[in-house]
Amino acid sequence: QVQLVESGGGLVQPGGSLRLSCAASGRFFSIAAMGWYRQAPGKERELVATVTRGQGTNYADSVKGRFTISRDNTKNTVYLQMDNLKPEDTAVYYCNAQGIRTLALSPFTSWGQGTQVTVSS
């Protein structure tokens, strides 16, 4: 079982910044990729950004140039630095991890419980 715990959400004004963190714990052999997804009220969950173990990154067009995803492989932690936040960034942000379990080297996908980000004046 792999657990993901997010932190760093909160209320900020437009143009402000937040830094989200997500730490993976439990028993696993490796984590191939970690990422952030978000879900706004009345909308489907969407990809925000992903990062591989080799530090390759991918961003949604809506956040490109404003958000930066990074990963500390030693700490099994992924970060999302969010700058120049906009009201449309308001959503619950979910951490995701894909990797291989120690048990039987089986693959897994794990989700965090989410952290609320609200951008409002």
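The structure this text deals with has already been given above.
As the structure is a computational prediction, the values presented were derived from the model and not from experiment. Residue numbers restart at each chain and count upward from 1, following the sequence in its written direction. For a predicted model such as this one, the threshold for reporting local features is a pLDDT of at least 70, and the threshold for listing and counting side-chain atom pairs is 80 or more; totals across whole chains, interfaces and linings nevertheless cover every residue. No hydrogens and no water enter the side-chain calculation; it runs on all heavy atoms of the structure.

Asks: How do you make sense of the pattern of salt bridges when you look at a structure like this?
Replies: Each reported salt bridge corresponds to a side-chain nitrogen of Lys or Arg within 4 Å of a carboxyl oxygen of Asp or Glu. In total, this model carries four salt bridges according to the counting rule given. The salt bridge involving Asp 89 is made with Arg 38; its shortest N-O contact spans 2.9 Å. Here the residue Asp 89 occupies a position in the loop between β8 (77-82) and β9 (91-100), and Arg 38 occupies one in strand β4 (residues 30-39), the gap between them amounting to 51 residues. Here the two residues Asp 89 and Arg 38 agree in accessibility, since each one is buried. A run of H or I in DSSP becomes a helix once it reaches four residues, and a run of E becomes a strand once it reaches two; helices and strands are each numbered from the N terminus. For each residue, the accessible area found with a 1.4 Å probe, counting protein chains only, is set against the maximum for its type, and the residue is called buried under 20%, exposed over 50%, and partly exposed in between.

Asks: What is the right way to read the nonpolar core from this model?
Replies: The nonpolar side chains of soluble globular proteins are, as a tendency, buried together. In this structure, Met 34, Trp 36, Leu 80, Met 82 and Tyr 93 are the most contacted members of the largest nonpolar core, which totals 31 residues. At the level of elements, β1 (2-7), β3 (18-26), β4, β5 (46-52), β7 (67-72), β8, β9 and β11 (115-119) are the ones that each hand at least two residues to this core. Any two residues having at least one pair of non-hydrogen atoms within 4.5 Å are treated as being in contact. Among residues more than four places away in sequence, those in contact with Leu 80 are Leu 18, Arg 19, Leu 20, Trp 36, Val 48, Ala 49, Phe 67, Thr 68, Ile 69 and Tyr 93. By nonpolar core is meant a set of buried Ala, Val, Leu, Ile, Met, Phe, Trp, Tyr and Cys residues that side-chain atoms within 4.5 Å join together.

Asks: Can you walk me through the sheet that holds β8 in this structure?
Replies: Strand-to-strand pairing in sheets goes through backbone hydrogen bonds, with the strands running parallel or antiparallel. Here a strand pair is declared whenever DSSP counts at least two bridges between the two strands. In space, the four strands of this open sheet follow the order β1-β3-β8-β7, with antiparallel pairing throughout. With partners counted over all chains shown, the strands left at the sheet margins are β1 and β7, one partner each. Averaged over neighbouring strand pairs, the angle between their axes works out to 15° when direction is ignored. A fitted line through C-alpha atoms represents every axis, and for helices the fit uses only the stretch in contact; the resulting angles, taken between N-to-C directions, go from 0 to 180 degrees.

Asks: So what exactly am I meant to see when it comes to the state of the cysteines here?
Replies: What makes a disulfide is a covalent bond joining the sulfur atoms belonging to two cysteines. Criterion for a disulfide: a pair of cysteine sulfur atoms at a distance within 2.5 Å. For the coordinates displayed, the defined rule picks out one disulfide. The disulfide that involves Cys 22 links it to Cys 95, with 2.0 Å between the sulfurs. Between Cys 22 and Cys 95, the S-S torsion sits near -85°, and that sign places the bridge as left-handed. Here Cys 22, found in strand β3, pairs with Cys 95, found in strand β9; they are 73 residues apart in sequence, far enough to count as distant.

Asks: What is the right way to look at unusual backbone geometry in this model?
Replies: The bulk of non-glycine residues show a negative phi, and the bulk of peptide bonds are trans. Located in the positive-phi region is Asn 84, a residue other than glycine, with phi close to 50°. For Asn 84, a relative accessible area of 41% corresponds to the partly exposed category. At Ala 104, a residue that is not glycine, the phi angle is positive and equals roughly 60°. Inspection of the secondary structure assignment puts Ala 104 in the loop between β9 and β10 (107-111). Assessed through its relative accessible area of 70%, Ala 104 is described here as exposed.

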